[in-house]
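Residue-level structural notes
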Amino acid sequence: MPLVTQASVSPDGKYVTAILNSKDGPSVVLSEFGSPDLKTLAILKEGRDRVDGITWIGSKRLLIAASYAMEYSKKRWRQTRYFAVNIDGSNLLEIAATEYRQATSWERQRAKNIRLVDTMPEDNEHILVQVYDYRDKADAVFKVNIHSNEFSKVFINKYNVHTWVVDNKGEV
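Not measured: the values here are computed from a predicted model.

Further remarks concern the environment of Asn113. Summarising the element assignment, Asn113 is placed in the loop between α1 (105-110) and β9 (115-118). Taking C-alpha positions, Asn113 is 23 Å from Leu41, a pair spaced 72 residues apart along the chain. If sequence neighbours within four positions are ignored, Asn113 has contacts with Gln79, Thr80, Gln130 and Val131.

Another aspect to go through is the pattern of salt bridges. Summed over the entire model, instances satisfying the criterion amount to four salt bridges. Across the salt bridge formed by Arg50 and Asp52, the nearest N and O atoms sit 3.1 Å from each other. The residue Glu94 makes a salt bridge to Arg81 at a minimum N-O spacing of 3.5 Å. Of this pair, Glu94 sits in strand β8 (residues 93-95) while Arg81 sits in strand β7 (residues 75-86); the two residues are 13 residues apart in sequence, bridging distant segments of the chain.

A few words now on the pairing of strand β6 (residues 61-72). Among the twelve residues in β6, nine count as buried, and that is most of the element. Where strand β5 (residues 50-57) meets β6, seven bridges bridge the pair, whose relative direction is antiparallel. When the sheet's bridge partners are listed, Trp56 is paired in β6 with Leu62. Once β5 ends, the chain turns through three residues before running back antiparallel as β6, passing Gly58 with a positive phi of about 75 degrees. Examined bridge by bridge, β6 and β7 share twelve bridges and lie antiparallel to one another. From the neighbouring strand, Tyr72 faces β7, where its bridge partner is Lys75. Between the end of β6 and the start of β7, which pair antiparallel, lie two residues, with Ser73 showing a positive phi angle near 55 degrees.

Looking at the protein chain as a whole, the pLDDT averages 86, with 95% of positions reaching at least 70. Within the protein chain, the element-level pLDDT minimum falls on α1, averaging 68, and the maximum on β8, averaging 93.

The rules behind these values
Residues numbered from 1 in each chain as written. Predicted model: local features only at pLDDT ≥ 70, side-chain atom pairs only at ≥ 80, totals over all residues. Heavy atoms only, no water. Helix = DSSP H or I, 4+ residues; strand = E, 2+ residues; numbered from the N terminus. Contact = heavy atoms within 4.5 Å. Salt bridge = Lys/Arg side-chain N within 4 Å of Asp/Glu carboxyl O. Buried < 20%, exposed > 50% of the residue type's maximum accessible area, 1.4 Å probe, protein only. Pairing = 2+ DSSP bridges. pLDDT = per-residue confidence, 0-100.

What follows is the structure, given as structure tokens:
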């Protein structure tokens, strides 16, 4: 396994972020462009966890995709979770939908699997995600504040859409 993967330069060109694979597990690191000094922003606790990707949300905040192995009803898959963090390591926040007690256990489990639809490059405060909504009995699109984890529904899934995408104008 390579020591460093998925290196990415910030939109303003001042920083580089990457996944550092060490004996302690994968971590997300940041460096000023051209500097050999690395700052750890996030490190995974479990050996079974992995960092799947890092996305810049503006030049001051990162979106980290991490996954871990899951098993439910004799089926196995990787469960993706998203975290947002400032480039100074502060305000680490898991992006997670509200869990409704009224939902069945499989609906609550399914709602934990969030899929990124768009980073909304013109908006450094929000992202669009697809997540199961037990009220719709389908995946819906939500606009999420990456500083507060506030979800607001953009589209109700009345057509049983399986995968939501945006066009070249950023419209769902």
